[in-house]
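Chain residues, written in single-letter form:
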Amino acid sequence: MKEGLVSVIMPAYNSEAYIADAIRSVISQTYHNWELLIVNDASKDSTAQILQKFDSEENRIRVFTNSTNKGTAYSRNKAIEAAEGQYISFLDADDLWKENKLERQLKVLSKANVAACFSSYQLMHESGNKSNIVIQALPVLSHRRLLKANYVGNLTGIYNAGLLGKIYAPDLRKRQDWAMWLRVIEEGGPMEGIWESLAYYRLRKNSISGNKLEMLKYNYKVYRLVGFGRRASLKKMLIFLNEQFFVKSKQKLTIE
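Residues numbered from 1 in each chain as written. Predicted model: local features only at pLDDT ≥ 70, side-chain atom pairs only at ≥ 80, totals over all residues. Heavy atoms only, no water.

Draft legend 1. Focus on the overall build of the protein. Within the protein, the regular secondary structure consists of nine helices and eleven strands. Taking 18 Å as the expected radius of gyration for a compact globule of 256 residues, we find that the protein reaches 17 Å, a close match to that expectation. Long-range contacts, defined here as pairs at least 24 residues apart, represent 79% of the contacts in the protein between residues at least 6 apart. When the accessible surface of the protein is split by element, carbon and sulfur atoms take 50% of a total near 12,500 Å². Counting 37 positive and 26 negative side-chain charges, the protein places the averaged centre of each group 9 Å from the other. (Helix = DSSP H or I, 4+ residues; strand = E, 2+ residues; numbered from the N terminus. Rg over C-alpha atoms; globule rule 2.2 N^0.38 Å. Contact = heavy atoms within 4.5 Å. Areas by Shrake-Rupley, 256 points an atom, 1.4 Å probe, with all protein chains shown as cover. Lys, Arg positive; Asp, Glu negative; His and termini not counted. Charge placed at Lys NZ, Arg CZ, Asp CG, Glu CD.)

Draft legend 2. Highlighting the environment of Leu-146. The topology assignment puts Leu-146 in helix α5 (residues 143-148). Taking the relative accessible area as the measure of exposure, Leu-146 reaches 0% and is therefore buried. Among all residues touching Leu-146, those that are not within four sequence positions of it are Leu-141, Tyr-151, Val-152, Trp-178, Trp-181, Leu-182 and Ile-185. (Buried < 20%, exposed > 50% of the residue type's maximum accessible area, 1.4 Å probe, protein only.)

Draft legend 3. Spotlight on the pairing of strand β7 (residues 130-135). Across three bridges, strand β6 (residues 116-124) lies against β7 in antiparallel orientation. Residue pairing across strands places Met-124 opposite Lys-130, the latter belonging to β7. Relative to strand β11 (residues 252-254), β7 runs antiparallel, the two sharing three bridges. In the sheet register, Ile-133 faces β11, and the bridge partner there is Thr-254. (Pairing = 2+ DSSP bridges.)

Draft legend 4. Representation of the packing of helix α8 (residues 212-225) against helix α9 (residues 230-247). Across the interface, α8 lies against α9 with an axial gap of 9 Å and an inter-helix angle of 130°. As judged from the angle between their axes, α8 and α9 are oblique. Judged by the twist between their axes, the crossing of α8 over α9 is right-handed. Packed against α8, whose contacting residues are Met-215, Leu-216, Asn-219, Tyr-220, Tyr-223 and Arg-224, the element α9 presents Arg-230, Ser-233, Leu-234, Lys-236, Met-237, Phe-240 and Leu-241 at the interface. The residue inventory of the contact of α8 with α9, partitioned by class, reads eight nonpolar, two polar and three charged. (Axes fitted to C-alpha atoms, helices over the stretch in contact; angles between N-to-C directions. Parallel < 35°, antiparallel > 145°, perpendicular 65-115°, else oblique. Left-handed = near helix turned anticlockwise from the far one by under 90°. Nonpolar A, V, L, I, M, F, W, Y, C, P; charged D, E, K, R; others polar.)

Draft legend 5. Examining helix α1 (residues 19-27) more closely. Along α1, the residues classified as buried are Ile-19, Ala-20, Ala-22, Ile-23, Ser-25 and Val-26. Lining the buried residues of α1 we find β1 (2-12), β2 (34-40), α2 (47-57), β3 (61-65) and β5 (96-97).

Draft legend 6. Focus on the pattern of salt bridges. Within the structure shown, the criterion is met by 14 salt bridges. For Glu-84, the salt bridge goes to Lys-2, with nearest N and O atoms at 3.0 Å. Of this pair, Glu-84 sits in the loop between α3 (72-82) and β4 (85-90) while Lys-2 sits in strand β1, placing them 82 residues apart in sequence. Judged by relative accessible area, which is 31%, Glu-84 ranks as partly exposed. Its salt-bridge partner being Asp-21, residue Arg-24 comes within 3.1 Å of it at the nearest N-O pair. Residue Arg-24 and its partner Asp-21 are located together in helix α1, separated by three residues, close to a single helical turn. Residue Asp-21 is classed as partly exposed on the basis of its relative accessible area, which comes to 39%. Residues joined by salt bridges that share partners form a network here, namely Asp-94, Glu-126 and Arg-204. (Salt bridge = Lys/Arg side-chain N within 4 Å of Asp/Glu carboxyl O.)

On their own, these measurements won't tell you what the molecule is for.
Okay, structure coming up:
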């Protein structure tokens, strides 16, 4: 494990339209001590060719390839396993970071008793046009609050693997990032939230998270996974619905 190094985890599947911009947003960081680990999850488009070009030009980028499509959780975990950094962070192939993202977060992580942090982020249309909506991070996120709903935008989350060890995502098709951040808080205590928006999340018409019924099914799986019985998990689902639609919705801030 290399002190001060940030390992950036990026799964990629059929990402030819967006991945070059995502990679450039990492290369443009004002904090330069990073490595980018990209797992090509058996893409069928030109993603592999784009990755080959960046891999040959930038020695901080490492590319891995799945022989068959394994899904996001497997791909993230494969990259985490290979990571050499003290810090583990995440960026999907269709999202973007603002250039001061890592620098800002490393300052927060330098504080005593802060093992993980996350930030606000701005929404972006599928075309790449930035919206004026920001999803605000809570100032402090406890395990109890995170159980109610996922308050961590995964593209903004970072944890100190030097303190916590490597924490992996469970093998779920969806919501695996939520389960992972629950484990991070279990191990390291509450996450500190940064009010400043440090990333852009791309809204996709056919995104996995867009199917609400599917989301609820995997929410239930997360509750069972973290140790709740069937009845308790169903109760947690009712709490989630209230939190998601009546409390969490207040996080949205419209900017000028």
